[in-house]
Amino acid sequence: MATDSWALAVDEQEAAAESLSNLHLKEEKIKPDANGANGAVVKTSANTEKTEEDEKEDRAAQSLLNKLIRSNLVDNTNQVEVLQRDPSSPLYSVKSFEELRLKPQLLQGVYAMGFNRPSKIQENALPLMLAEPPQNLIAQSQSGTGKTAAFVLAMLSQVEPANNHPQCLCLSPTYELALQTGKVIEQMGKFYPELKLAYAVRGNKLERGQKVGEQIVIGTPGTVLDWCSKLKFIDPKKIKVFVLDEADVMIATQGHQDQSIRIQRMLPRNCQMLLFSATFEDSVWKFAQKVVPDPNIIKLKREEETLDTIKQYYVLCNNREEKFQALCNLYGAITIAQAMIFCHTRKTASWLAAELSKEGHQVALLSGEMMVEQRAAVIERFREGKEKVLVTTNVCARGIDVEQVSVVINFDLPVDKDGNPDNETYLHRIGRTGRFGKRGLAVNMVDSKHSMNILNRIQEHFNKKIERLDTDDLDEIEKIAN
DNA sequence: AAAAAAT
């Protein structure tokens, strides 16, 4: 059972609490966790005569204590909801990467990426994912809370670099996201000398009869399915960890669903399955739990928190041309940092990019109709900051992480195939900004009664006021650009 | 409607 590794980690925490109690502290209590695992009571004998050295130690210990208290209190607000497959095993969350007893070269990779301590989702998901035997997990956590690093770490901790065949497989909904996640895998795994990563994406062609020798494969569903079935480049029976990123689209949208499920069925019975997303609509939750055998579930559900750091506005127009004019008025303000402009169709996106260019505004265009080489080049230029404004479709709605993006513009509001508001996509789109708690700005373009109605329904769904913005009023624009 | 395919 998993209890062995957990028990070790708990011991270690108790040892830490012990050493804390040897310091000169005022009497303090740490509130036990909801699960009791992190509970510790620290008592001290008050010392009247203190040296300067003692004072220093006091302050250090006090600040450590404050941190512990704060994080325990955060846990008690039910910010994190954990549903365990085996309720008898102790619920455990880690407060440092050391507690996970990772291989040294992996810990080195984690720190090299600048991670000092686990994020909220990582605290709870990592012990579960690294347990023995491997546990399946469905995890929901807002944009920019460290989901990618969490599942990459899980893959890297299971991989055996000496074996030259794919052991971990990760699916992404788009080409750009696969490239981005691949980079994280490469960075975090760079201290494994033998470890290699293969990209199973459109345009990446292998010789017939060839086998993938890389230990980890990241890819998009169509190509991965081909590589596993028809082309036999990958032996799916040897996969130990299977990750679905943006899992709700992967299992619920037509096209992706078919391929993802077909791939999943080829995997061995004991393969670990990890599903991650910022959003799971109710019906998709149910389906996800049917797809994943014996799932553990972690929800970090604070949509309001994401929305608090992002100011949302709407601009009232009468047609597409007026939206275009309003956008031109905004151009100066949005190019202070980087911006993404979302359109409903590829056609609108390319039209808009062309029109903006004609007006002398430099913009980049990215949509699924472009060649993959071109797409890779555009996203790279945008990442490097060489392009300030990216006009795109839903291809970039999810996962794309460019830190300098501070403005998201919905030139068209997100709607589903039936013309209803697509709340999940809305949240993902505006989640491209305000990453890791930074402030962001979202501007929605409304051009009809119908789209005003859609916006109102989105506003109701998130119960968050979206204010009117007058783009003809320069002071107003000044205000949002600050 | 977009995305995903060596079909």
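Residues numbered from 1 in each chain as written. Chains lettered and ligands numbered in written order. Predicted model: local features only at pLDDT ≥ 70, side-chain atom pairs only at ≥ 80, totals over all residues. Heavy atoms only, no water.

*Asks:* I keep staring at the overall build of chain A and nothing clicks. Help me out?
*Replies:* Tallying secondary structure elements over chain A gives 17 helices and 17 strands in all. For chain A, buried positions account for 54% of its 482 residues. In chain A, the proportion of contacts linking residues at least 24 apart, taken out of those at least 6 apart, comes to 76%. Total accessible area on chain A is roughly 22700 Å²; 49% of this is exposed by carbon and sulfur atoms. (Helix = DSSP H or I, 4+ residues; strand = E, 2+ residues; numbered from the N terminus. Buried < 20%, exposed > 50% of the residue type's maximum accessible area, 1.4 Å probe, protein only. Contact = heavy atoms within 4.5 Å. Areas by Shrake-Rupley, 256 points an atom, 1.4 Å probe, with all protein chains shown as cover.)

*Asks:* Can you walk me through the pattern of salt bridges in this structure?
*Replies:* Oppositely charged side chains are able to pair whenever their charged atoms sit close together. This structure, assessed with the given rule, holds 17 salt bridges. With a shortest N-O distance of 3.4 Å, arginine 85 and aspartate 294 are connected by a salt bridge. Of this pair, arginine 85 sits in the loop between β3 (80–83) and α3 (104–112) while aspartate 294 is found in the loop between α10 (282–291) and β10 (295–300), placing the two residues 209 residues apart along the sequence. One network of salt bridges, with partners in common, ties together Lys95, Arg117, Lys120 and Glu123. (Salt bridge = Lys/Arg side-chain N within 4 Å of Asp/Glu carboxyl O.)

*Asks:* It is not clear to me how the environment of phenylalanine 115 should be interpreted in this structure. Could you clarify?
*Replies:* Mapped onto the elements, phenylalanine 115 comes out in the loop between α3 and α4 (120–129). C-alpha separation for the pair phenylalanine 115 and glutamate 384, spaced 269 residues apart in sequence, amounts to 21 Å. Apart from residues lying up to four places away in sequence, phenylalanine 115 is in contact with Phe97, Val110, Ala149 and Met188.

*Asks:* Explain the domain arrangement of chain A to me, please; I cannot follow it from the model alone.
*Replies:* The accessible area lost on association of the parts is a frequent measure of interface size. One can read the domain layout of chain A as domain 1 (56–300) and domain 2 (310–481). For domain 1 versus domain 2, the separation of C-alpha centres amounts to 29 Å. Across the contact, 19 residues belong to domain 1 and 20 residues belong to domain 2. Counting each side, the surface lost to burial between domain 1 and domain 2 is near 1700 Å², with a carbon and sulfur contribution of 53%. There are four salt bridges connecting domain 1 and domain 2. Linking domain 1 with domain 2 are eleven residue pairs in polar contact (both at pLDDT 80 or more). (Domains from an automatic or database assignment. Buried area = accessible area lost by both parts, 1.4 Å probe. Polar contact = N/O pair within 3.5 Å; in protein donor to acceptor, adjacent residues only side chain to side chain.)

*Asks:* Help me understand the protein's contact with DNA strand B in this model?
*Replies:* Of all residues adjacent to DNA strand B, which total 26 residues, the nearest are Lys205, Thr223, Leu231, Gln259 and Arg346. For DNA strand B, the fraction of atoms within 4 Å of the protein that belong to sugar or phosphate moieties is 63%. Contributing elements (two or more residues each) for the surface near DNA strand B: α7 (221–228) and α9 (256–266). For the surface near DNA strand B, the element with the highest residue contribution is α7, accounting for three residues. Looking at side-chain class alone, the surface near DNA strand B contains six nonpolar, 13 polar and seven charged residues. (Near = heavy atom within 4 Å. Nonpolar A, V, L, I, M, F, W, Y, C, P; charged D, E, K, R; others polar.)

*Asks:* I keep staring at the sheet that holds strand β13 (residues 364–366) and nothing clicks. Help me out?
*Replies:* Two strands in a sheet stick together by hydrogen bonds in their backbones, pointing the same way (parallel) or opposite ways (antiparallel). Strands sit in the order β13-β14-β12-β15-β16-β11-β17 across an open sheet of seven strands; the sheet is parallel. Strand pairing shows two members of the sheet lacking a second neighbour, β13 and β17 (467–468), which therefore form its edges. Alignment of strand β11 (residues 310–316) against β17, held across two bridges, turns out to be parallel. Bridge pairing in β17 links tyrosine 314 to arginine 468. Its contacts with the sheet put helix α16 (residues 449–462) on β11 and β16 (440–446), and the angle it makes with β16 is roughly 145°. (Pairing = 2+ DSSP bridges. Axes fitted to C-alpha atoms, helices over the stretch in contact; angles between N-to-C directions.)

*Asks:* Mind showing me how you'd approach helix α6 (residues 175–188) here?
*Replies:* Spacing of three or four residues puts side chains on the same side of an α-helix, whose turn is 3.6 residues. Here α6 is 14 residues long and its end C-alpha atoms lie 20 Å apart, about the 20 Å a rise of 1.5 Å per residue gives. In terms of residue burial, α6 counts as a mostly covered element, since ten of its 14 residues are buried. Inspection of α6 places Tyr175, Glu176, Leu177, Ala178, Gln180, Thr181, Gly182, Val184, Ile185 and Met188 among the buried residues, and these make up the whole buried set. (Expected span 1.5 Å × (residues − 1).)

*Asks:* Would you mind going over a negative patch on the surface with me for this structure?
*Replies:* Taken together, the side chains of Glu321, Glu322, Asp470 and Asp472 define an acidic patch exposed on the protein surface. Relative to the helices and strands, glutamate 322 resides in helix α12 (residues 320–334). Residue glutamate 322 is classed as partly exposed on the basis of its relative accessible area of 33%. (Patch = residues over 30% accessible without salt bridge, like charges linked within 9 Å, V, L, I, M, F, W, Y side chains within 5 Å. Lys, Arg positive; Asp, Glu negative; His and termini not counted. Charge placed at Lys NZ, Arg CZ, Asp CG, Glu CD.)

*Asks:* Quick question: what am I supposed to make of the packing of α6 against helix α14 (residues 372–384) here?
*Replies:* To characterise two packed helices, one gives the angle between the axes of the helices and the distance between these axes. Two numbers describe how α6 lies on α14: the axes approach to 10 Å, and their chain directions differ by 55°. Classed by the angle they form, the pair α6 and α14 counts as oblique. Where α6 crosses over α14, the handedness of that crossing is right-handed. Across the interface between the two elements, Tyr175, Glu176, Leu179, Gln180 and Lys183 from α6 touch Val372, Arg375, Ala376, Ile379, Glu380 and Arg383 from α14. For the contact of α6 with α14, the per-class residue count stands at five nonpolar, one polar and five charged. (Parallel < 35°, antiparallel > 145°, perpendicular 65-115°, else oblique. Left-handed = near helix turned anticlockwise from the far one by under 90°.)

*Asks:* Would you explain the pairing of strand β6 (residues 197–200) in this entry?
*Replies:* Regular strands have side chains that alternate between both faces of the sheet. Burial along β6 is two-sided: Leu197 and Tyr199 and Ala198 and Ala200, pointing in opposite directions, are all buried. As paired strands, β6 and strand β7 (residues 216–219) are joined by four bridges and run parallel to one another. Residue pairing across strands places leucine 197 opposite isoleucine 216, the latter belonging to β7.

*Asks:* Even after reading the chapter, I still don't get the sheet that holds β6, so can you show me in this structure?
*Replies:* With mixed pairing, the eight strands of this open sheet are ordered in space as β3-β10-β4-β9-β8-β5-β7-β6. The open sheet has two edge strands with one neighbour each: β3 and β6. Strand after strand, the sheet turns through a mean of 15° between neighbouring axes, direction not considered. Across four bridges, strand β5 (residues 168–171) lies against β7 in parallel orientation. Looking at the pairing, cysteine 168 lines up with isoleucine 216 of β7. Relative to β10, α4 is tilted by about 170°, and along the sheet it contacts β3, β4 (136–141), β9 (272–277) and β10.

*Asks:* Got a minute to help me understand the nonpolar core in this structure?
*Replies:* Here is a general trend for soluble globular proteins: nonpolar side chains tend to be buried in one another's company. Among the nonpolar cores identified, the biggest contains 47 residues, and Met129, Leu137, Leu153, Met155 and Ile216 are the most heavily contacted of them. The dominant element in this core, judged by the number of residues it contributes, is helix α5 (residues 147–158), at eight residues. Setting aside its immediate chain neighbours within four residues, methionine 155 contacts Cys168, Cys170, Ile185, Ile216, Val241 and Val243. (Core = buried A, V, L, I, M, F, W, Y, C linked by side-chain atoms within 4.5 Å.)

*Asks:* Help me understand α7 in this model?
*Replies:* Counting buried positions over the eight residues of α7 gives six, a clear majority of the element. Buried within α7 are the following residues: Pro221, Thr223, Val224, Leu225, Trp227 and Cys228. On its buried face, α7 is in contact with β5, β6, β7, α8 (247–252) and α9.

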